[in-house]
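Each chain is listed here by its residues.
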Amino acid sequence: MKRLLIKLIRLYQRAFSAFRPAHCRYQPTCSNYALTAITRFGVGRGSLMAIGRILRCQPFVRGGLDPVPDQFTLRRNPLFREDKKSVKKR
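Bear in mind that the values here come from a model prediction, so they are computed numbers and not experimental data. (Residues numbered from 1 in each chain as written. Predicted model: local features only at pLDDT ≥ 70, side-chain atom pairs only at ≥ 80, totals over all residues. Heavy atoms only, no water.)

(A) Just the overall build of the chain, in detail. Counting secondary structure elements, the chain contains two helices and two strands. In the chain, the succession of helices and strands from N to C terminus is α-β-α-β. Carbon together with sulfur atoms contributes 59% to the accessible area of the chain, which is approximately 7,100 Å² in total. (Helix = DSSP H or I, 4+ residues; strand = E, 2+ residues; numbered from the N terminus. Areas by Shrake-Rupley, 256 points an atom, 1.4 Å probe, with all protein chains shown as cover.)

Structural data, given as structure tokens:
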């Protein structure tokens, strides 16, 4: 099951994502995040993490660096969360 899901994600990356302009708000992209999460945490928890990441990827978030955390969580990686007080207003 794990291999099948990884192959489907890689097929998506090669067949669809490669021909569209990059517009992901996060680094790494959601598909790369999903591959890493599934590899690290298995199909169940990794898929939940990937779905959570896709739901966070919306126009009202700032985005930025959000690697897969070392421990299972559905929230954004707390080590890379931007501090609102340190962000300068332009």
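(B) How the structure looks around the packing of aromatic side chains. Considering all chains together, one arrives at two aromatic pairs under this definition. Relative to F16, the ring of Y12 has its centre 6.3 Å away and its plane inclined at 35°; by these criteria the two rings are tilted. On the basis of relative accessibility, which here comes to 36%, the residue Y12 falls in the partly exposed class. Between F41 and F72, the ring centres sit 6.4 Å apart and the planes meet at 70°, which makes this aromatic pair edge-to-face. (Phe/Tyr/Trp six-rings, centres within 6.5 Å; stacked < 30°, edge-to-face > 60°. Buried < 20%, exposed > 50% of the residue type's maximum accessible area, 1.4 Å probe, protein only.)

(C) Representation of the environment of V43 in the model. Among the secondary structure elements, V43 is positioned in helix α2 (residues 30-56). Accessibility expressed as a relative area gives 23% for V43, which makes it partly exposed. In this structure the C-alpha to C-alpha distance between V43 and L5, which are 38 residues apart in sequence, comes to 7.8 Å. With sequence-adjacent residues up to four places away left out, V43 is seen in contact with M1, K2, L5 and I38. (Contact = heavy atoms within 4.5 Å.)

(D) Spotlight on α2. Taking 1.5 Å per residue as the helical rise, α2 with its 27 residues ought to reach 39 Å, whereas the 10 Å between its terminal C-alpha atoms falls clearly short. Maximum bend of α2: about 140°, positioned at G42. (Expected span 1.5 Å × (residues − 1). Bend = angle between axes of the 7 residues up to and from the residue.)

(E) Region of interest: the nonpolar core. If you look at the biggest cluster of nonpolar residues, it comprises six residues: I6, I9, A34, L35, I38 and A50. Sorting the residues of this core by element identifies α1 (2-15) and α2 as the ones contributing at least two each. Residue contributions to this core peak at four residues, all from α2. Of all hydrophobic cores here, the second largest spans five residues; its members include Y33, F41, M49 and V68. (Core = buried A, V, L, I, M, F, W, Y, C linked by side-chain atoms within 4.5 Å.)

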